[in-house]
Amino acid sequence: MHDWFFKQGGRRRLIDWLGIDAWIDSSLSATWESLKDRWNALSSFVARFRLTGGRRILNEVLSEGMTIGMGGLAVMFVLALPAFNEFDESRFAQGKFAVKFLDRNGVEIGSRGLLHNDSVPLEEIPDTLIKATLATEDRRFFEHFGIDIFGTARALIENARANEVVQGGSTLTQQLAKNLFLSSERSFERKLKELFLSFLLEARFTKRQILKMYFDRAYLGGGAVGVEAASQFYFGKSVREITLAESAVIAGLFKAPSKYAPHVNLPASRARTNEVLNNLVEAGYMTAGQVAVARLNPAKIIETRPTHSPDWFLDWAFEEVQRIAEGRGQYVLTARTTVDIELQQLAQEALVNTLRQTGTVPGAPRRRGAANPFTGAVVSMEPDGAVRALIGGLDYEENQFNRASHARRQPGSSFKLYVYATAFEEGNLGPRSIVQDFGGQCGNWVPRNYGGGGGSGRSLMAIDAFKVSLNVPAVVLSLKYGREKVIEMTQRLGVSGVRKTCSMALGDTGITPLDHTGAYATFANGGKYAKGYAVLELFNSKGELIYSRERDEPAPAQVVSRRTVEGMNQMMQAVVTEGTARKAMLDFTTAAGKTGTSTSYRDAWFMGFTGALVTGVWIGHDDFKPMYWNGGVTGGSLPTMVWHAFMSVAHKNRPIPVIPGLAPHPNQIAEQQRLSELRRTDPAMAEAQAAQQPRKSLMPEQTRTVLRRVAESMRAAGAVTTPPPDAASGDGTSPEPSQPAPARRPGDTPRPRSTEAVPPDRRAEAVPTGVRP
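Residues numbered from 1 in each chain as written. Predicted model: local features only at pLDDT ≥ 70, side-chain atom pairs only at ≥ 80, totals over all residues. Heavy atoms only, no water.

1. Regarding the sheet that holds strand 3 (residues 332–337)
Taken in spatial order, the 5 strands make up an open sheet running 2-1-3-8-9, and their pairing is mixed. Two strands bound the open sheet, and with one partner strand each, they are strand 2 (108–112) and strand 9 (545–548). Here the strands of the sheet are splayed against their neighbours by 20° on average, with no regard to which way each runs. (Pairing = 2+ DSSP bridges. Helix = DSSP H or I, 4+ residues; strand = E, 2+ residues; numbered from the N terminus. Axes fitted to C-alpha atoms, helices over the stretch in contact; angles between N-to-C directions.)

2. Quick word on the state of the cysteines
For the coordinates displayed, the defined rule picks out 1 disulfide. Here Cys442 pairs with Cys502 through a disulfide, and the sulfurs are 2.1 Å apart. Its S-S torsion of about -60° marks the bond between Cys442 and Cys502 as left-handed, since a negative value means left-handed. Within this pair, whereas Cys442 is found in the loop between strand 6 (434–436) and strand 7 (459–461), its partner Cys502 is found in the loop between helix 20 (483–492) and helix 21 (513–524), the two being separated by 60 residues in sequence. For Cys442, a relative accessible area of 11% gives the class buried. (Disulfide = S-S within 2.5 Å. Buried < 20%, exposed > 50% of the residue type's maximum accessible area, 1.4 Å probe, protein only.)

3. Observations regarding unusual backbone geometry
Despite not being glycine, Asn428 has its phi angle at roughly 55°, a positive value. Relative to the helices and strands, Asn428 resides in the loop between helix 17 (416–427) and strand 6. For Asn428, a relative accessible area of 59% translates into the label exposed. Its identity is not glycine, yet Phe624 carries a phi of approximately 65°, on the positive side. With respect to the helices, strands and loops of the structure, Phe624 is situated in the loop between strand 12 (614–620) and helix 24 (638–650).

4. Examining the pairing of strand 3
Pairing of strand 1 (residues 98–102) with strand 3 involves 5 bridges; the strand directions are parallel. Bridge pairing in strand 3 places Leu102 opposite Arg336. Bridge analysis of strand 3 against strand 8 (residues 535–539) gives 4 bridges, and the strand direction is antiparallel. Paired with Arg336 across the strands is Glu537, a residue of strand 8.

5. Examining the pattern of salt bridges
Side chains carrying opposite charge are able to pair once their charged atoms draw close together. The tally for this structure, following the rule as stated, stands at 28 salt bridges. Salt-bridge contacts for Arg403 lead to Asp622; the nearest nitrogen and oxygen are separated by 2.7 Å. Note that Arg403 is positioned in helix 16 (residues 403–406) and Asp622 in the loop between strand 12 and helix 24, a separation of 219 residues in sequence. In this structure Arg403 comes out as buried when scored by relative accessible area, which is 4%. When salt bridges that share partners are traced, they join Arg112, Asp311 and Asp315 into one network. (Salt bridge = Lys/Arg side-chain N within 4 Å of Asp/Glu carboxyl O.)

6. Considerations on empty space enclosed by the protein
Scanning the entire structure with this criterion turns up 1 cavity of 30 Å³ or more. Each pocket or cavity is described by its volume, and for the largest cavity that value is around 30 Å³. Taken together, Thr589, Thr590, Pro657, Val658, Ile659, Ala663, Pro664, His665 and Gln668 make up the lining of the largest cavity. Per-class residue counts for the lining of the largest cavity are 5 nonpolar, 4 polar and no charged. (1 Å grid on protein atoms, 1.4 Å probe; cavity = no way out; pocket = protein on both sides within 12 Å on 5 of 7 lines; lining within 4 Å. Points joined across faces, edges and corners; volume = space filled by probe spheres on them. Nonpolar A, V, L, I, M, F, W, Y, C, P; charged D, E, K, R; others polar.)

7. A short note on the pairing of strand 8
With 3 bridges connecting them, strand 8 and strand 9 associate as antiparallel partners. Bridging from a neighbouring strand, Leu538 pairs with Tyr547 of strand 9. The antiparallel pairing of strand 8 with strand 9 creates a hairpin that spans 5 residues between the two strands, and Gly543 there sits at a positive phi of about 85°.

8. Comments concerning the confidence of the model for the protein chain
Of the residues in the protein chain, 79% have a pLDDT of 70 or more, and the chain-wide mean is 81. In the model, residues 693–701 has pLDDT below 50 throughout and makes 25 contacts with residues more than four positions away in sequence or in other chains. Low pLDDT, under 50, characterises residues 718–773; the predicted model gives this stretch 29 contacts beyond four residues in sequence or across chains. (pLDDT = per-residue confidence, 0-100. Contact = heavy atoms within 4.5 Å.)

9. Some words on the packing of helix 17 against helix 20
Where helix 17 contacts helix 20, the axes come no closer than 9 Å and their chain directions differ by 105°. Taken as axis vectors, helix 17 and helix 20 run roughly perpendicular relative to one another. Mapping the contact onto sequence places Tyr418, Val419, Ala421, Thr422, Glu425 and Glu426 in helix 17 and Lys485, Val486, Met489, Thr490 and Arg492 in helix 20. Of the residues belonging to the contact of helix 17 with helix 20, the class tally is 5 nonpolar, 2 polar and 4 charged. (Parallel < 35°, antiparallel > 145°, perpendicular 65-115°, else oblique.)

10. What about the side chain of Gln175?
Note that Gln175 resides in helix 6 (residues 172–181). When its relative accessible area of 13% is taken as the criterion, Gln175 is described as buried. When near neighbours in sequence (up to four residues on either side) are disregarded, Gln175 contacts Glu137, Ser170 and Tyr214.

11. Focus: the packing of aromatic side chains
In the structure shown here, the tally under the stated rule is 16 aromatic pairs. With a centroid separation of 5.0 Å and 75° between ring planes, the pair formed by Phe141 and Phe142 is classed as edge-to-face. Here the aromatic cluster, defined as three or more aromatic residues joined through ring pairs, consists of Phe145, Phe196 and Phe199. Sitting over the ring of Phe624, Arg409 keeps its end group 3.9 Å from the ring centre. Against the face of Tyr533 rests Arg549, its NZ or CZ located 3.5 Å from the ring centre. (Phe/Tyr/Trp six-rings, centres within 6.5 Å; stacked < 30°, edge-to-face > 60°. Lys NZ or Arg CZ within 6 Å of the ring centre and 35° of its normal.)

12. Details of helix 15 (residues 341–357)
Because an α-helix packs 3.6 residues into every turn, residues spaced three or four apart end up facing the same way. Taking 1.5 Å of rise per residue, 17 residues should cover 24 Å, and helix 15 covers 24 Å from first to last C-alpha, within 8% of that figure. Along helix 15, the residues classified as buried are Leu343, Gln344, Leu346, Ala347, Gln348, Ala350, Leu351, Val352, Thr354 and Leu355. For helix 15, the elements touching its buried residues are helix 14 (311–325), strand 4 (375–381), strand 5 (387–391), strand 12 and helix 24. The residue sitting at the N-terminus of helix 15 and contributing the capping side-chain oxygen is Asp340; that oxygen lies 3.1 Å from the backbone nitrogen of Glu342. Note on helix 15: the residue one or two positions beyond its end, Gly359, has a positive phi of about 70°. (Expected span 1.5 Å × (residues − 1). Polar contact = N/O pair within 3.5 Å; in protein donor to acceptor, adjacent residues only side chain to side chain.)

13. Here we look at the sheet that holds strand 4
Here 5 strands make up an open sheet; going across it, the order is 5-4-12-11-10 and the pairing antiparallel. Only two strands of the sheet have a single partner each, and these edge strands are strand 5 and strand 10 (592–597). When the angles between neighbouring strand axes are averaged without regard to direction, this sheet yields 5°. As paired elements, strand 10 and strand 11 (residues 603–609) share 6 bridges and run antiparallel to each other. From the neighbouring strand, Gly596 faces strand 11, where its bridge partner is Trp605. Here helix 15 sits on the sheet and contacts strand 4, strand 5 and strand 12; the angle it forms with strand 5, its principal contact strand, is near 35°. Across the sheet, helix 24 touches strand 4, strand 10, strand 11 and strand 12, and the angle it forms with strand 12 is around 140°.

Right, here's the structure in full:
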């Protein structure tokens, strides 16, 4: 064929296509033959190991088992990750510090911590206590690997037979894991964490070390942590010296100190002690004759407990002391704290009594919708952050988890404080600025107001939207001015961990009551940073001052503008006077605050303040179950009732400044007018009363009027005649009656006939003016 483009042989000299094709074919063929040879060689080699019959079946089972095992290990690792996150090395360092705590006035209120060189070695703990504990709590402690499978199965069978929980299946290692790292929440997730943490403890420590930590870290009632502290508290002596009967008392407390503590319920303690002695015999550790002496001679309990121990506050203050003292080289310390014991007790009573009246605490009569007992937390601080009361639950003896400082719960609408404050700062808004009650769509999510409405479709003033807690305007503002700016505002106010989500403005991120209360304190003090603090001064074992808050801490920074603070305070006052928190109104001073309710009534809040105190209240369930009491617990119901019950009595003997941006309360104005008039008529008396102002509380005018009338009536009353001395009885203190006294019925309390019923230093107060004593 004639080649039109190349001369004879030119195409072949340019590219040898036939040669390339031949090389490709030969290379592929050679590669294929090489692969076949290698495959045949491999097949011949593997054929030597070919299994048949039973061997093949066994091999298949083992292979499948390994595959399933690897998958199981992967699943177990995923399940164990939450437990690994809970494993905190600092929890083992409790023995690093020993701290004695004083209240704000320098009175000792308790202690925390245990130095390793001051604790009792395991070898010196009586054998009777070790045996009593193992016989009652974990008889197979030295045999299992952290989980007692047989003991758990036995407990399940016994509980099924009794149709209630009569026997626990947790080992000592599991109980230690819970005491060190977890709360007492009853949930599958918590139990799973406890399981893996037990494995970690068993892998890291010996059995004797675990037993020693268990004896040192267990809470045994009365504020006593560890067997040495419990022995000192209940018997007034070291654990080295306790008898068998006393060992049985302590061993019976590990299960439930609130139920079996002898100073709480002596009959229940005696019954529990008898049960421990029976366990000693059943386990084969002792004979019936050996325990008979302990039955006949029960332990004698000494009365050493304080009238009120602020345990929730002490636990948190101990954490603060460790943070402050770290790196200073001092380990035996004395801390003067901010706590006010009277306010601490009033806060506890307000929380417990309010919930008891509603039938929502253990032991209270059950009411409709209150099948599951509620719990709660109360934090009260001064506007600068000095914590005066901190309540982490209903009963410290029952559960030591501090919800006030460690529970991160959704704040609901109480989070709107941060949203509106951001809008005021970024958008120069004010209480009477117009906001929209429509829109707010974020992706596929659309906000709805309480009750299910998607917004009214109208515009209204910010103060009107805030006081009735409309959701849609808050979401619209967060999107308009930036959710990043809202997060920045929370950080400026001392709240961390807030996530950027579409529903962030409605409080969908967990916050602790302590941090939340500190943020509200910023608005009570005019905009200065006010994170809660517990320690005023810290002294070493020689009495030397090593820390002073006044000396060592910088002055608080202005984190929110004064204009924003005053505008937000006006809006929060409207919440109390016209909005969702009317139950919080006080008749003697101005109050401001914000309610909050999370989805499905799982959390209910009220954060409020006067010019003197900032108090936050949270109510909820530890397991995040909804609260359907009385149609659903909202921030305007139980939390507001607790807040009002506490704040109504918390201002006794305390001056009450005016809240920034708000007018004084009418009673405060009336008090100032009364003092002004008194200065005009009696300057000396006015100065004396003005000097006493910090030591007296403002009194409602109605109460003042009633007391004035009572005083006038008593002044107008006739004199009281005193019988002559010869009519008195032999000791000259009680007059002889002219007629036989009527018989007193059983249960009647005899009434005092003389001023001996009144303490000598108060008799002058007890006798009205114009009446002879």
